[in-house]
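What follows is each chain in one-letter form.
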Amino acid sequence: MTIPARTESRTGEGMPRTHLSTTAWLLLFSVAVAAFGLELCLGSVFIPPGQVWAVLTGLGGVPDAWREIIVLYRLPRAFTAMLAGAALGMAGLKMQTLFRNPLADPFVLGISSGASLGVALVILAAWGFGLRPLMEKTGFLGNASLVMAAVAGSGAVLCVVMGIARRVESNLTLLIVGLMFGYISSALVNVLLLFALEHQVQSYLAWTFGSYAGVTWRQLGVLTPAVAAGLALAGVLAKPLNALLLGEGYARSMGVNVAGVRRWIILGASLLSGTVTAYCGPIGFLGIAVPHLCRLIHRTSDHRILVPAVILTGAALSLLADVMAQAPGSRVLLPLNSVTSLIGAPVVIGIILRGRRIMEVAP
Amino acid sequence: MTSNACIHASVHTAGMQEPPSLETHGLAVGYGASRGAPRAVVEEVCVSLRPGELVCLLGPNGAGKSTLIRTLAGMQKPLAGEIRLDGVPLSTLSAAEVARRMSLVLTDRPAVGLMPVSTLVSLGRHPYTGWSGRLKREDEEVVRRAMADVGIEALAHRPVCELSDGERQKAMIARALAQEPQVMILDEATAFLDLPRRVELMHLLLRLARTGRRAVLLATHDLDLALRCAHRLWLLPHGGPLRAGIPEDLVLSGAFSETFSGSGAVFDPGSGAFAAPCVFRGTVALKAGGVPGLWTYRALERACYRVVEDGRADLCVEVVARNGATAWRIEEKGETRKYVFCLESLLDALDTRSPK
């Protein structure tokens, strides 16, 4: 590492950085577009790009089966992947800044644990209590019931956390309370699993693997506005988030209503991570890694740049991970959670070891 | 606790003074204002900060300096009394209104990582910008001027994490300046810096106070520097009361020694410095002047000899020129005992005469 050269490039009117940043934006955008295309082509059957294009532009000459696969399954899946990536990245960014902790992720406040508990209750307990015939009759079983259980679970945890946030002044205390909620939830889930039948454990595990498949257009009608609202809220909060980088004391001295901003941050992040978890399962890694990658790529911790950067990078990486989860060329479908971590973690370790400044890079 | 019962510790000459930027009446600070039994750390604080003035708040650890600072900065509610910022009660101002009048520099190390210095400083425009935080041309001009006033224009594009401690603290001061405050409050802002940096920072604050007609309050442990630089001192001993005045008055009245009594060091009004308490080993009369005289005095003092008038001393030391070099003549009962050519030998010679 030649220090004089690096210093020079940095003090030199800031030109190289701007240049690099533009390249990064273009590159990420191309990755996102390419991954979106691949997502539509790949799957249980391969559909050639030309045919995909024909379906998207409404041209004829495409077999009906392929058209159906693309319109009913692959398009909603690709949109879900984009929304989930952007949402988890943004929730992670907010939590890392609020808690000034590089290891914070969207789930530090126990939101996903709450969702898991809700799902576990529906899959395991409800069946155990002999409610299955009733639920089957009312059509409550299946994907929709899991979503509702997850929403109820994360919503309940959110209410408790917000109630505590109102009383507790220290962010660190809040963080510890959130972690404890996580432990309580997973303990309860474990107890439930102990009494569960094998196939129930299986379906619970399948949910924890995470998947963008199975989200319908109708469900996207809920997911999209929820994520859009959460992302818009992050955009509005960019200015106070920047002030919070200096810590609560400084933020307050600059006229930030810290308690109010904190409530909005928690609400926004929970909305983002809660809805995504409800529809796609608890997807790890993206939430913690995407903000770090954006800081390193754009060499800044300014939220006015990071907010759009996280949306784009999160969407691109999430699509890419889902493409890889389909293990192109094979019939295997890998768990999404394993792919995000297996491929993402070494990348982040490499970048951070080269940068050597994890604590400084992160807020 | 009424405000007319409160007598300001300082006497102001009429006509010359501008109205105070920050003043307190019967202020009590402490903990437990919201729940539990309140515990006051300091009571009956009646002080004022005037434009163009650098005030240092001094006191032993645990006397409540930080609590007072936090209360004055509006980070903590007072237990009793009133704080007026620019003539308006602090409690009636909104957070943004306070931020436009008063800014803070704390010891917290800001974890802003890769943020460039100019962006950090522009965070100070927070109370002036709209919801998006975008800077107008005036804002950019204020930011540029703040960096110029502190002397960090050259660092503008450097990421904050690459700065030294002193540079970072200057960037934080520039950020506080960008808030265009009438009052700047700094809590231990010079801690963790080496002596030259501390002196530099103190002079910077002095200049910012004087040229910008700002009131600057610095809580510090740097007694020596505060005595030399501050326009006024606020002394906060354990259990109060807070005493305000110009440094020299406080030294002469003994308030300075009282504030720090029992803290393991003894304040010597003669030198204006603290010394570890020691058992005197003898008296010496010193016949010398100028710079050699000063440093001979310092050496004798450090080695626990009391310097007294001639005729009442056990020994007499005279600085003389001998063979073109500076020499010290040690005289006992009117007779020359020895010549030495450096202060170390002088101390050795005195030590062998009066063993420990």
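Computed from a predicted structure; not experimentally measured. (Residues numbered from 1 in each chain as written. Chains lettered and ligands numbered in written order. Predicted model: local features only at pLDDT ≥ 70, side-chain atom pairs only at ≥ 80, totals over all residues.)

Novice: Residue-level account of the sheet that holds strand 14 (residues 283-287) of chain B, with values.
Specialist: Residue and element names in this part refer to chain B. As summarised here, the arrangement of the 5 strands in space is 15-14-16-17-18, forming an open sheet in which the pairing is mixed. Edge positions in the sheet fall to strand 15 (306-308) and strand 18 (335-340), since each has one partner strand and no second. Averaged over all neighbouring strand pairs, the angle between strand axes comes to 35°, with direction disregarded. Here strand 17 (residues 325-332) runs beside strand 18; their pairing, made up of 5 bridges, is antiparallel. (Pairing = 2+ DSSP bridges. Helix = DSSP H or I, 4+ residues; strand = E, 2+ residues; numbered from the N terminus. Axes fitted to C-alpha atoms, helices over the stretch in contact; angles between N-to-C directions.)

Novice: Can you lay out the environment of Ser145 of chain A for me, pointing to particular residues and giving the numbers?
Specialist: Residue and element names in this part refer to chain A. Within the secondary structure layout, Ser145 lies in helix 7 (residues 143-167). Since 17 C-beta atoms lie within 10 Å of it, Ser145 is described here as partly exposed. For the pair Ser145 and Met180, spaced 35 residues apart in sequence, the C-alpha to C-alpha distance is 27 Å. (Buried ≥ 20, exposed ≤ 12 C-beta atoms within 10 Å, placed from the backbone.)

Novice: Please provide a residue-by-residue account of the interface of chain B and chain A, values included.
Specialist: Each partner contributes to the interface: chain B provides 27 residues, whereas chain A provides 31 residues. Contributing elements (two or more residues each) for the side of chain B that touches chain A: helix 2 (95-101) and strand 7 (102-105) of chain B. (Contact = placed C-beta atoms within 7 Å.)

Novice: Give a description of the sheet that holds strand 7 of chain B that names residues and reports values.
Specialist: Residues and elements named next belong to chain B. Read across the sheet, 6 strands follow the order 7-8-9-4-10-11 without closing on themselves; strand pairing throughout is mixed. The open sheet terminates on both sides in strands that have one partner only, identified here as strand 7 and strand 11 (243-245). In this sheet, neighbouring strand axes are inclined to one another by 15° on average, regardless of whether the strands run parallel or antiparallel. Relative to strand 8 (residues 183-187), strand 7 is paired through 4 bridges, and the arrangement is parallel. Looking at the pairing, Leu104 lines up with Ile185 of strand 8. Running over the sheet, helix 1 (residues 65-72) touches strand 4 (54-58), strand 8 and strand 9 (215-219) and is turned about 150° from strand 8. Running at roughly 170° to strand 7, helix 5 (residues 165-177) makes contact with strand 7 and strand 8 of the sheet.

Novice: An account of the domain arrangement of chain B is needed here, citing residue identities and associated values.
Specialist: Along its sequence, chain B is carved into domain 1 (3-266) and domain 2 (283-353). One C-alpha centre belongs to domain 1 of chain B, the other to domain 2 of chain B; they are set 45 Å apart. (Domains from an automatic or database assignment.)

Novice: Any chance you could break down unusual backbone geometry for me, citing the residues and the numbers?
Specialist: Residue and element names in this part refer to chain A. In this structure, Phe285 takes a positive phi of about 75° despite not being glycine. Backbone geometry places Arg299, a non-glycine residue, at a positive phi of 50°. Tracing the sequence through the fold places Arg299 in the loop between helix 14 (286-298) and helix 15 (303-325). On the basis of neighbour counts, which here come to 21 C-beta atoms within 10 Å, the residue Arg299 falls in the buried class.

Novice: Residues and numbers for helix 9 (residues 198-209) of chain A, please.
Specialist: With 12 residues, helix 9 of chain A ought to run about 16 Å at 1.5 Å a step, and its terminal C-alpha atoms sit 17 Å apart, in line with that. Note on helix 9 of chain A: the residue one or two positions beyond its end, Gly210 of chain A, has a positive phi of about 85°. (Expected span 1.5 Å × (residues − 1).)

Novice: Tell me about the confidence of the model for chain A, and please be specific about residues and values.
Specialist: All names here are of chain A. Residues of chain A with pLDDT of at least 70 account for 86%, and the chain-wide mean is 81. Confidence drops under pLDDT 50 across residues 1-16; counting only partners more than four residues distant or on other chains, this segment forms 6 contacts. Under a pLDDT of 50 for its full length, residues 358-363 has, in the predicted model, 22 contacts with residues more than four places off or in other chains. (pLDDT = per-residue confidence, 0-100.)

Novice: Explain helix 4 (residues 64-99) of chain A residue by residue, including any values.
Specialist: Residue and element names in this part refer to chain A. In this model, helix 4 (36 residues) spans 51 Å end to end at C-alpha, consistent with the 52 Å of a helix rising 1.5 Å per residue. In the structure, helix 4 departs most strongly from a straight axis at Arg74, where the bend amounts to approximately 35° and where the proline Pro76 lies between one and four residues downstream. In terms of burial, helix 4 is a largely internal element, 26 of the 36 residues being buried. Positive phi shows up at Arg100, right after helix 4, with a value of about 45°. (Bend = angle between axes of the 7 residues up to and from the residue.)

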